[in-house]
Amino acid sequence: MLEIHELFAKVEGKQILNGLSLSIKPGEVHAIMGPNGSGKSTLGNVLTGRSGYEVISGDAKFNGKNLFDLEVEERARDGLFLAFQYPVEIPGVSNMEFLKASVDARRKHLGLPDLSSFDFMKLARESSQKVSLDPAFLKRGVNEGFSGGEKKRNEIMQMMLLEPSLCILDETDSGLDIDALQVVAAGVNAMRSPARSFIVVTHYQRLLDYIVPDYVHVLSHGKIVRTGDKELAKELEAKGYGWLEEEGV
Amino acid sequence: MSDAIVNRRQSLPAVMNPFQQHALVLAGQQVLSDGQSAILQTLRQQCAENFKRATWPGRKVEHWKYTSVQALKAYESAGWATPANLPEGFCSERLMTLNATRLVFVDGALDLAASDSMPAGISLFSEANALATQLISSHLGKIAGSVDLSRRNLFAALNSAWTADGLLIHVAQNVILEKPIYLVYINTGSKAVANQRNLVVMEQGANAQLIEHFLSTSAEAPDSGFVNTLTEIHIGQNAQLHHTRLNLEHESAAHVGAVHVNLMRDAVFNGFTVAEGSKLKRLDYQLNHCGQGASLNFDGVYLARHDQLVDYHTCIEHRVPHCTSQQAFRGIVGDKAKAVFNGRIHIFQDAQKTLAEMNNRNLLTSDTAEINTKPELEIYADDVKCAHGATISQLDDTALYYLQSRGICPSQARMMLSFGFINELLSGLPVEDVKLWLENWLRNRFSENRSLVSDIKPRVNAGADL
Ligand SMILES: Nc1ncnc2c1ncn2[C@@H]1O[C@H](COP(=O)(O)OP(=O)(O)O)[C@@H](O)[C@H]1O
Ligand SMILES: [Mg+2]
């Protein structure tokens, strides 16, 4: 599904990723944990192709294609999805219009017929209910005036509608109360399938009680310094990251 | 108004240019009906005199610094427009479908066939009854005339000099008009001149919605008409008016228009204006807080492309204490087009506890487009809150990335963001059908026209006191 090999990347002249390698097979869930500033969001941004995030060397193959040869939107249409740590507010553009444009683009790429407005609205309403978001939010501006939790649920709703093959969730659990956390986790779990993989970036072990990962990686100073199973997350929660940083570097 | 005194202070009239001379000839050609009040004659004469003496716009005239009136040369021998017949199906295709009282003016003249019958309180000046005559006498020219002379626009004077007839809208005390009034002004594209004059008098506690919609029929002629409009509005104590004005004429039209509003005690004005550029489009809004506790909210949107021009000059006078004004304007300017937003807020010495906000945001979508944004604050009271801001920018990179990361291609993403930038202001419109119509209009504009959505680094001309 995804093969990242010796990835070095910089942001604003500052090297952030320092030889990161990661291999993800279809159906797997990988959790990435790490202290603030270790490069977790940078990884998501580099993989999705955000401008300003520059690859120095290394490569990433996504379903056999070299990711870095593709435009941002091409990666998305190919099935790469990033749930943003800080979803963007776009006043004046309705959520419904935004979702329809995204789904249209993905479906067109997959050679599927366009959904009629009616069918799409029905689908969107169903998805909003699955993430316990009042369908009224579909009519509002994209994330405009949404609470933190509503924004995160909106991200999960987009993921459901786009049916990506690789989903990166960047701290989707941060700042959520337990109800919202469960909604998010249920959304993810419902989408788990042998053909779909997840990278779950999180700060808190708590999420991994609900989304049980196959692997847990620790990112520190832009590279993976430790890989384990879900027990590693518990250990990290208990001991913090200090011991790894001392050991790892 | 003491024009006699004023005239003495002014220098002798300069030599008039051919357009000015011709404009006065046109005034002389008008025939007033017998029913017209003497006050109209006096106003016409006084204002013709003012027009004659006014300094002609040029780069050295502060309020015309950015806007050339060269386009008026085309009308140096133009005649009065002779009202044409509307093309078949025009009204149903091009006008908004509203549950409203619709009055349609074609090249300055009322088109009875396309109009609803006038409800009580609405009449042409030429058909005024005793009450209407009295209202015209006490308000016509007085609202525009209440601005100090140095700030008066010479085209307002010209409009008065050219007023042979007009429309009076009177909303009596405590009357709430159920239906909006929808005024449509159609320019049929001949190279001719038209004048449009309205007077709106809202008595205490009255409530109404007024929509003014300007548009053109054909698009071929390089020079279609020149239209000069002036709408004077008196909002009485505790009365409320929603006023929407759409200047969506073809780009070959020249339009100079003004809206002057006096707000009495506790009056409310909710204004919204949309303009597309044309070879000359100058719109002046003069909003005067004359009674304590009055408030106004005024939003505007402008789009200009090709080599169009759109120029908004707004002036809000806080003459008395405890009034509020909130203003938000947004524009998108592309190609070689030019836009001007000059927002003046004048807070008089007595106008304590004033709350005034003004915001102007612009998107430049080509490096040959030009935007001149200039806040002009004159504050003589010390206990006021006044905030202003102006920005000229490009689309938000983060938002673009967000849309792309969902598979949306950059050109569509830009279109959506440009649309959203403008659409955000539309949400405040009171009449749902007007909002939907405008949303649709906007959507068409953005999907048919690439020049409003590309994004190249802007060249910035911001006002000196930004
Ligand atoms: N757009 C950016 N501009 C400048 N520095 C950035 C930018 N994005 C990330 N960084 C820097 O890169 C480092 C890693 O950030 P980030 O990937 O957001 O960490 P994490 O998500 O692990 O907390 C930090 O030092 C951060 O300041
Ligand atoms: Mg982060």
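For the structure, see preceding data.
The subject of this paragraph is the overall build of chain B. Within chain B, the secondary structure is distributed over nine helices and 20 strands. Expected size for 466 residues packed as a compact globule is a radius of gyration near 23 Å; at 21 Å, chain B falls within 12% of this value. Seen through its C-alpha atoms, chain B measures out along the principal axes to roughly 70 × 55 × 50 Å. The buried share of chain B, reckoned over its 466 residues, is 57%. As presented, chain B carries roughly 18100 Å² of accessible surface, and 49% of it is formed by carbon and sulfur atoms.

In this section: the coordination of the magnesium ion (ligand 2). Those protein atoms acting as donors to the magnesium ion (ligand 2) are A:Ser41 (OG) and A:Gln85 (OE1), and they sit at 2.1 to 2.2 Å. Residue A:Ser41 is found in helix H1 (residues 40–48), and its partner A:Gln85 is found in the loop between strand S6 (80–83) and strand S7 (90–94); the two are separated by 44 residues along the sequence.

If a strand is regular, its side chains alternate between the two faces of the sheet. Residues and elements named next belong to chain A. With eight bridges joining them, strand S1 (residues 2–11) and strand S4 (residues 53–62) adopt antiparallel strand pairing. By the bridge assignment, leucine 2 is partnered in S4 with phenylalanine 62. Note: S4 against strand S5 (residues 65–66), two bridges, orientation antiparallel. The residue bridging lysine 61 from the neighbouring strand is asparagine 66, located in S5. In this structure, the hairpin formed by S4 and S5 is closed by a connection of two residues, where asparagine 63 is found at a positive phi of approximately 50°.

This part is about the state of the cysteines. Residue and element names in this part refer to chain B. All chains considered together, the criterion is met by zero disulfides over all chains. Free of any disulfide, cysteine 47 has its nearest cysteine sulfur in cysteine 315, 18 Å distant. Of the residues examined, cysteine 47 reaches a relative accessible area of 9% and is grouped as buried.

All names here are of chain B. Taken together, ten strands build an open sheet; the order of strands is S2-S1-S5-S7-S9-S11-S13-S15-S17-S19 and the sheet is mixed. At either end of the open sheet lies a strand with only one pairing partner, and these are strand S2 (109–110) and strand S19 (385–393). Summarising the sheet, strand S9 (residues 240–247) and strand S11 (residues 268–276) pair through eight bridges and their orientation is parallel. Residue threonine 244 lies in a different strand from S11, and its bridge partner there is phenylalanine 272.

Right, let's talk about empty space enclosed by the protein for a bit. Residue and element names in this part refer to chain B. Under the criterion given, the structure shown has seven cavities of 30 Å³ or more. Every residue lining the largest cavity is counted, 22 residues in all, and those nearest its centre are Asp107, Ile186, Asn187, Ala194 and Val227. Broken down by class, the residue content of the lining of the largest cavity amounts to twelve nonpolar, eight polar and two charged.

This next bit is on the site of ligand 1. Residue and element names in this part refer to chain A. Ligand 1 sits among 13 residues. The nearest are Gly37, Lys40, Ser41, Thr42 and Tyr53. Between serine 38 and ligand 1, the recorded distance is 3.2 Å, taken from a backbone N or O atom to an oxygen atom. Threonine 42 has a polar side-chain atom sitting 2.5 Å from an oxygen atom of ligand 1. Calculation on ligand 1 without its partners gives an accessible area of 560 Å², and the protein chains cover 67% of this total. When residues of the shell around ligand 1 are traced back to their parent elements, those giving at least two are strand S2 (14–24) and H1. Top element by residues in the shell around ligand 1 is H1. It accounts for three residues. Here the shell around ligand 1 is composed, by residue class, of four nonpolar, six polar and three charged.

We now examine the layout of surface pockets. All names here are of chain B. If you add up the space inside the largest pocket, you get close to 770 Å³. Forming the boundary of the largest pocket are 37 residues, of which Leu149, Arg151, Arg152, Asn153 and Leu154 lie nearest the centre. Secondary-structure elements contributing two or more residues to the lining of the largest pocket are helix H3 (38–53), helix H6 (154–161), strand S12 (280–289), strand S14 (309–318) and strand S16 (338–347).

Take the packing of aromatic side chains next. All names here are of chain B. Scanning all chains against the criterion turns up 22 aromatic pairs over all chains. Ring plane angle 40° and centroid distance 4.4 Å describe the contact between tyrosine 285 and phenylalanine 298, whose orientation is recorded as tilted. In this pair, tyrosine 285 is assigned in strand S12 and phenylalanine 298 in strand S13 (residues 295–304), connecting sequence segments 13 residues apart. Ring plane angle 75° and centroid distance 5.2 Å describe the contact between phenylalanine 298 and phenylalanine 329, whose orientation is recorded as edge-to-face. Placement of the pair is phenylalanine 298 in strand S13 and phenylalanine 329 in strand S15 (residues 324–333), with a sequence separation of 31 residues. Connected via pairs of aromatic rings, a cluster forms that spans Phe19, Phe51, Trp56, Trp64, Tyr75, Trp80, Phe155, Trp162 and Phe226.

The subject of this paragraph is the interface of chain B and chain A. Listed per partner, the contact involves 20 residues of chain B and 29 residues of chain A. Here chain B packs against chain A, burying approximately 2000 Å² in sum over the two surfaces, 63% of which is carbon and sulfur. Considering only the side of chain B, the residues that lose the most area to chain A are B:Tyr401, B:Tyr402 and B:Arg406, jointly responsible for 41% of the buried surface there. Where chain B meets chain A, there are two salt bridges. Between B:Arg443 and A:Glu97 there is a salt bridge whose closest N-O contact spans 3.1 Å. Remark: the boundary between chain B and chain A carries twelve residue pairs in polar contact (both at pLDDT 80 or more). Secondary structure elements with two or more residues in the side of chain B that touches chain A: helix H7 (397–404) and helix H8 (410–426) of chain B. The biggest single contributor to the side of chain B that touches chain A is H8(B), with eight residues. Broken down by class, the residue content of the side of chain B that touches chain A amounts to ten nonpolar, seven polar and three charged.

Right, let's talk about the pattern of salt bridges for a bit. Scanning the entire structure with this criterion turns up 27 salt bridges over all chains. Between B:Arg344 and B:Glu376 there is a salt bridge, with the nearest N and O atoms lying 3.6 Å from each other. Linking B:Arg344 in strand S16 with B:Glu376 in strand S18 (residues 370–379), this pair joins segments that are 32 residues apart in sequence. By relative accessible area, B:Arg344 is classed as buried at 3%. Ionic contacts of the salt-bridge type, sharing partners, join the residues A:Glu97, B:Glu439 and B:Arg443 into one network.

How each quantity is defined
- Residues numbered from 1 in each chain as written.
- Chains lettered and ligands numbered in written order.
- Predicted model: local features only at pLDDT ≥ 70, side-chain atom pairs only at ≥ 80, totals over all residues.
- Heavy atoms only, no water.
- Helix = DSSP H or I, 4+ residues; strand = E, 2+ residues; numbered from the N terminus.
- Rg over C-alpha atoms; globule rule 2.2 N^0.38 Å.
- Buried < 20%, exposed > 50% of the residue type's maximum accessible area, 1.4 Å probe, protein only.
- Areas by Shrake-Rupley, 256 points an atom, 1.4 Å probe, with all protein chains shown as cover.
- Donors = N, O, S within 2.8 Å, 3.2 Å for Na, K, Ca; no water.
- Pairing = 2+ DSSP bridges.
- Disulfide = S-S within 2.5 Å.
- 1 Å grid on protein atoms, 1.4 Å probe; cavity = no way out; pocket = protein on both sides within 12 Å on 5 of 7 lines; lining within 4 Å.
- Points joined across faces, edges and corners; volume = space filled by probe spheres on them.
- Nonpolar A, V, L, I, M, F, W, Y, C, P; charged D, E, K, R; others polar.
- Near = heavy atom within 4 Å.
- Polar contact = N/O pair within 3.5 Å; in protein donor to acceptor, adjacent residues only side chain to side chain.
- Phe/Tyr/Trp six-rings, centres within 6.5 Å; stacked < 30°, edge-to-face > 60°.
- Contact = heavy atoms within 4.5 Å.
- Buried area = accessible area lost by both parts, 1.4 Å probe.
- Salt bridge = Lys/Arg side-chain N within 4 Å of Asp/Glu carboxyl O.

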